[in-house]
Amino acid sequence: KASYYFFNGKVPKRKLLLGQFLYYSGCISWNTCINAVVWQRRQRPYIGQIALDWGMISAKDIYKILKGRDFREKFGESAVRRGYLTPYKLMALLGKQRRLQPFIGEYFVRHRNLTTQKMEEIVGKQHDHNRKVFWGNGR
């Protein structure tokens, strides 16, 4: 099956997110990578809920923003476009959302794709990879 495909080649010489690094390193299948991303996104709190909790908008505002979104427009983009949030407030909300979502590595440990020790080892290798790509192999 193509969805269970394991990459067999050289790791690309560009900055990679952890899931991408695991896939290109041959540690996980493409299907597992996609499942992990979906899992992580489902754990992520909604921007509207965070804004409501922080008193930036009301429940009525959330309804109006959702109802007035353009096709495929993100909630935050719509809220800024329509004047409910400033770009600065949206950045703060996105930062909070990112801090509240679980690390994607948790998925691989929870689903027994990798042990905690192996995950920590791979995260170190991913950081080394990204540092070398950023600074070049000569440093």
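Being a predicted model, the structure only gives us computed values, none of them experimental.

Caption draft 1: Broad picture of the packing of aromatic side chains. Following the criterion strictly, the structure yields 7 aromatic pairs and no others. Taken together, the ring pairs connect Phe-7, Tyr-23, Tyr-24 and Trp-30 into an aromatic cluster.

Caption draft 2: Structural context of the pattern of salt bridges. By the definition in use, this model includes 6 salt bridges. One salt bridge in this structure joins Arg-81 and Asp-70, with 3.8 Å as the shortest N-O distance. Separated by 11 residues along the polypeptide, Arg-81 in helix α5 (residues 75-81) and Asp-70 in the loop between α4 (59-67) and α5 bring together distant segments of the chain. Glu-106 is the partner of Arg-110 in a salt bridge, and the nearest nitrogen-oxygen pair spans 3.3 Å. With Arg-110 and Glu-106 both in helix α7 (residues 105-110) and 4 residues apart, the pair spans about one turn of that helix. Looking at Glu-106, the relative accessible area reads 31%, which means it is partly exposed.

Criteria and thresholds
Residues numbered from 1 in each chain as written. Predicted model: local features only at pLDDT ≥ 70, side-chain atom pairs only at ≥ 80, totals over all residues. Heavy atoms only, no water. Phe/Tyr/Trp six-rings, centres within 6.5 Å; stacked < 30°, edge-to-face > 60°. Salt bridge = Lys/Arg side-chain N within 4 Å of Asp/Glu carboxyl O. Helix = DSSP H or I, 4+ residues; strand = E, 2+ residues; numbered from the N terminus. Buried < 20%, exposed > 50% of the residue type's maximum accessible area, 1.4 Å probe, protein only.

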